[in-house]
Amino acid sequence: EQGRIAQFPGDLETVMGGLSCGLASAPAWAVLRTAADAFLSIPDGGIPDAMRLLADGTDGDTPMVAGESGVAGLAGLIAAMASEDVRLRLGLDGSSRVLLFSTEGDTDPALYAKIVGRNADSVRGQLFRP
């Protein structure tokens, strides 16, 4: 909103520890300021569902281990699609093609298992089911 690196005001406590920074890095901002069209923040509430969705491999998708910060893009997309205002502002519709990156696996194995209901090795084991 300010067009420059700015300190994020407010609480930075989140289950997405890898994203709790409050201030963008200069190298990241150099790319984002010209390449990104929009930014959004998401609450912790959608993180567990996004982790389980990927771990379950629904609708024929390959199961995937993604940790709390790793699912932020998916949780953000789900939240955006659930809000007509946000969906329209982002220009998302049935013809949209969205690329998401997950850059974190089960960096906290105990928390991952608690959230997903099984450990990451059992999720990875689904990759090789007959």
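Attention in this report is confined to the structure presented alongside it. What you see is a predicted model; the values in this text were computed from it and never measured.

Quick notes on the rules
- Residues numbered from 1 in each chain as written.
- Predicted model: local features only at pLDDT ≥ 70, side-chain atom pairs only at ≥ 80, totals over all residues.
- Heavy atoms only, no water.
- Helix = DSSP H or I, 4+ residues; strand = E, 2+ residues; numbered from the N terminus.
- Buried < 20%, exposed > 50% of the residue type's maximum accessible area, 1.4 Å probe, protein only.
- Contact = heavy atoms within 4.5 Å.
- Areas by Shrake-Rupley, 256 points an atom, 1.4 Å probe, with all protein chains shown as cover.
- Lys, Arg positive; Asp, Glu negative; His and termini not counted.
- Charge placed at Lys NZ, Arg CZ, Asp CG, Glu CD.
- 1 Å grid on protein atoms, 1.4 Å probe; cavity = no way out; pocket = protein on both sides within 12 Å on 5 of 7 lines; lining within 4 Å.
- Points joined across faces, edges and corners; volume = space filled by probe spheres on them.
- Nonpolar A, V, L, I, M, F, W, Y, C, P; charged D, E, K, R; others polar.
- Core = buried A, V, L, I, M, F, W, Y, C linked by side-chain atoms within 4.5 Å.

**Here we look at the overall build of the chain**
Phase 1: A tally of helices and strands in the chain yields six helices and zero strands.
Phase 2: Along the chain direction, N to C, the helices and strands of the chain fall in the order α-α-α-α-α-α.
Phase 3: Expressed along its principal axes, the backbone C-alpha trace of the chain runs to roughly 50 × 35 × 25 Å.
Phase 4: The 130 residues of the chain split such that 22% are buried.
Phase 5: For the chain, the share of sequence-separated contacts (at least 6 apart) that also reach a separation of at least 24 residues comes to 60%.
Phase 6: For the chain, the computed accessible surface area is about 8900 Å², with 55% contributed by carbon and sulfur atoms.
Phase 7: Across the chain, 10 positive and 17 negative side-chain charges occur, with their mean positions spaced 3 Å apart.

**Regarding the layout of surface pockets**
Phase 1: In this structure, the largest pocket occupies an estimated 2400 Å³ of space.
Phase 2: Together, 50 residues line the largest pocket, and L32, A38, F39, L40 and S41 are the ones closest to its centre.
Phase 3: Going through the elements one at a time, α1 (26-35), α3 (72-82) and α4 (84-90) are the ones with two or more residues in the lining of the largest pocket.
Phase 4: A breakdown of the residues in the lining of the largest pocket according to their chemical character gives 31 nonpolar, 12 polar and seven charged.

**Structural notes on the nonpolar core**
Phase 1: Ranked by size, the top nonpolar core spans 16 residues in total, and within it I47, M51, V71, Y112, V116 and V123 carry the most contacts.
Phase 2: Counting residues per element, the ones that place at least two in this core are α2 (47-56), α3, α5 (109-116) and α6 (120-125).
Phase 3: Looking at which element gives the most residues to this core, the answer is α2, with four residues.
Phase 4: Each residue touching I47, except ones within four places of it in the same chain, is listed here: V15, M16, I42, E68, V71, A72 and A75.

Geometric values such as these leave the question of function open.
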